[in-house]
Amino acid sequence: MVERDAVIAGAAESNEVGRVPDKSVFQLQAEASLNALEDASVAPEDVDGLFIQGAGFRDRFHFPQVTIGEYLGITPRISSSNDMGGATAYGHVEYAKLAIEAGVIDTALITYGSTNYSDRKRGTRPNRPESAIFNRQFQDPYGFVSPIAAYALAARRYMHEYDVSEADLAEIAVSTREWAKRNPKAMMQGDLTVEDVLESPPVCDPLNKLDCCLISDAGGALVLTPADQSRDGASPPVCISGLAQAHTHDVIYQMDDLTRPAARRTSDAAYEMAGIEPSDVDVAQLYDSFTITTALLTEAVGLADPGEATALFRSGETKPGGSTPINTSGGGLSYLHPGTYGIFTIIEAVRQVRGTAGDRQVPDVETALAHGVGGRLSTQATMILEVAG
Amino acid sequence: MINYDDWGEKPVPAIDPESEPYWQAAADERLVVQRCRDCDERQFYPRSLCRHCRSTNLTMDDHAGEGRIYSYTVCHVPGQSGYEDDVPYNFALVDLDLPSENPSGAPVRLPTHIVGTDTNDLTIGLSVKVKFERICADPEIRLPVFRPLKS
């Protein structure tokens, strides 16, 4: 067993994000992959670990990582299409890290792509369960709206347990938009008020349209290598000091407590690995599929007490200049959200640690937390990133 | 208001060997809950093993069908085919009353519709009771829904 640490050496998204109707999902992944490989100063032929997630592949390709390998001309030593929805990138990082640290591979490429926005415009439905089978046979006949109804149920329960209002949840969207204004690639950069959120069309009560993430096109990629293999021209590497993942259920009606996702246990484990506490986190990227997601995660990772997340967002401390910056790219709510968004929380965390986040750079970042969620609060993963060395 | 007599293109449960006892009982207008004979865990959805202790020594018990709303939402977009003309409609989670807490601590929680009440009167904690709606003739499936329980 070779003893060495794995680092994130490259992180990038596709050249274009947002509304990209003229590029296939393969192309978006390829762009992101090549950008990330260049960021890491690694040649594509050096990739020996390939980890992919591709929305829309699952029901069209038997083993999607084989298809992507063929498209990219990569024949990897190990590969995976282990899909955990929005938390997939975290799972891939874990396996890539393990594989590198075990000496099995030297260069892992993790990719993701989705054309969720353009698919809808083209009339191609993104992947959805097509019939009421297995655990969905008890749910879908009642008209379950996937996935937003699950999050709406969580929001309604959370509001009930903690006497939180829709206006309170809307503060999360307002805070996140302030960060998006500083991200030139963000889809939404206009002013946003609580009233705007409350007056936006209801989707699944209590969630309105502006409580919900965007629908976008984008690719994203990360490259991991051993820490001791510095490459000329590579951007500063970033250490993964804490990483943990969990999935507790598939369908929402199998979740014991809709206000307590497994994010608590994954962040506890990540903090312990990193030897830090929530107060040590300088900046946090918390998956924001919906305002309720961010609220639950803010509490689960210990940045607010139970029931107090929306008060934190209302206080201004999560906004630019605040003490607890959250979702500094503008998040899924205002920056972008293709089929899933997890890899982009990691990319932003990497940039914050490196100090390359431009106008949205939080001063003096040493420790960043990123957290991904997939499914119906089903999959959870926390990552702690720190400056390498 | 959802018209259960005219189910249209709405999803129909794809009954499988593990769910058949549940749907067979529902067709008889009986709500049954699976119980593990080894650890006394009551679980939903029914499956081939106990989620708590992994025993296969399972049985189905009749249940009076009473419970409380754990959460609900009102859907303004159709989530499934056939629901286009029914928006807005409610989608709720109902926790069935149990004589004793499960060893796992987990509820027996059913996704469902709440019927016989105005959307504005939906509240978490509302006591409800099951009723069965016939949604199609072949096979004869009855869908459990819940109505407020008059106290």
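Use the structure listed above.
Residues numbered from 1 in each chain as written. Chains lettered and ligands numbered in written order. Predicted model: local features only at pLDDT ≥ 70, side-chain atom pairs only at ≥ 80, totals over all residues. Heavy atoms only, no water.

Further remarks concern helix α1 (residues 25-39) of chain A. Residue and element names in this part refer to chain A. Taking 1.5 Å per residue as the helical rise, α1 with its 15 residues ought to reach 21 Å, and the 21 Å between its terminal C-alpha atoms agrees with that figure. Those residues of α1 not exposed but buried are Val-25, Phe-26, Leu-28, Gln-29, Ala-30, Glu-31, Ala-32, Ser-33, Ala-36, Leu-37 and Asp-39. Looking one or two residues beyond α1, the residue adopting positive phi is Ser-41, at roughly 55°. (Helix = DSSP H or I, 4+ residues; strand = E, 2+ residues; numbered from the N terminus. Expected span 1.5 Å × (residues − 1). Buried < 20%, exposed > 50% of the residue type's maximum accessible area, 1.4 Å probe, protein only.)

With that out of the way, let us pick up the pattern of salt bridges. In the structure shown here, the tally under the stated rule is 24 salt bridges over all chains. A salt bridge links A:Lys23 to A:Glu16; its shortest N-O distance comes to 2.7 Å. Between B:Asp28 and B:Arg30 there is a salt bridge, with its nearest N and O atoms 3.8 Å apart. B:Arg30 gets classed as partly exposed once you look at its relative accessible area, which sits at 35%. Salt bridges here are not isolated pairs; linked through shared partners, they connect A:Glu13, A:Lys185 and A:Arg351. (Salt bridge = Lys/Arg side-chain N within 4 Å of Asp/Glu carboxyl O.)

Where strand β5 (residues 202-205) of chain A meets strand β6 (residues 207-208) of chain A, two bridges bridge the pair, whose relative direction is antiparallel. From the neighbouring strand, A:Pro202 faces β6(A), where its bridge partner is A:Asn208. Between β5(A) and β6(A), which pair antiparallel one after the other, the connecting turn spans one residue. One ladder, built from two bridges, connects β5(A) with strand β4 (residues 66-75) of chain B; its direction is antiparallel. Residue pairing across strands places A:Cys204 opposite B:Cys75, the latter belonging to β4(B). (Pairing = 2+ DSSP bridges.)

Residues and elements named next belong to chain B. Of all eight residues that make up strand β5 (residues 89-96), eight are buried, and the element is covered over most of its length. In β5, alternate side chains face the same way, and those of Tyr-89, Phe-91, Leu-93 and Asp-95 on one face and Asn-90, Ala-92, Val-94 and Leu-96 on the other are all buried. Sheet topology note: the β5/strand β6 (residues 109-112) ladder contains four bridges and is antiparallel. Each bridged residue has a counterpart across the sheet, and for Ala-92 the counterpart in β6 is Thr-112.

Under the definition given, this model contains 16 aromatic pairs over all chains. With centroids separated by 5.7 Å and ring planes inclined at 5°, the aromatic side chains of A:Phe138 and B:Trp23 adopt a geometry described as stacked. Here the residue A:Phe138 occupies a position in the loop between α4 (116-122) and α5 (148-162), and B:Trp23 occupies one in helix α1 (residues 20-27), the pair thus bridging two chains. Owing to a relative accessible area of 3%, A:Phe138 belongs among the buried residues under this scheme. Among the residues examined, B:Trp23 registers a relative accessible area of 3% and is labelled buried. Aromatic ring contacts, followed pair by pair, group A:Phe138, A:Tyr253, B:Tyr22, B:Trp23, B:Phe44 and B:Tyr45 into a single cluster. Above the face of the B:Trp7 ring, B:Lys10 is positioned so that its terminal group lies 5.6 Å from the ring centre. (Phe/Tyr/Trp six-rings, centres within 6.5 Å; stacked < 30°, edge-to-face > 60°. Lys NZ or Arg CZ within 6 Å of the ring centre and 35° of its normal.)

All right, on to the interface of chain A and chain B then. In this assembly, 29 residues from chain A lie in contact with 40 residues from chain B. Both faces combined, the contact of chain A with chain B buries some 3,000 Å², and carbon together with sulfur accounts for 62% of it. For the pair chain A and chain B, the interface holds zero salt bridges. If you look at where chain A meets chain B, you find 21 residue pairs in polar contact (both at pLDDT 80 or more). Elements with a minimum of two residues in the side of chain A that touches chain B: α5 and β5 of chain A. The element best represented in the side of chain A that touches chain B is α5(A), accounting for six residues. Among the residues making up the side of chain A that touches chain B, the classes are represented as 17 nonpolar, six polar and six charged. (Contact = heavy atoms within 4.5 Å. Buried area = accessible area lost by both parts, 1.4 Å probe. Polar contact = N/O pair within 3.5 Å; in protein donor to acceptor, adjacent residues only side chain to side chain. Nonpolar A, V, L, I, M, F, W, Y, C, P; charged D, E, K, R; others polar.)

Our focus in this paragraph is the sheet that holds strand β1 (residues 31-36) of chain B. Residues and elements named next belong to chain B. Taken together, the three strands give an open sheet; going across it, the order is β2-β1-β3, and neighbouring strands pair in antiparallel fashion. At either margin of the open sheet sits one strand with a lone partner, and together these are β2 (42-43) and β3 (58-63). As paired strands, β1 and β2 are joined by two bridges and run antiparallel to one another. Residue Arg-35 lies in a different strand from β2, and its bridge partner there is Arg-42.

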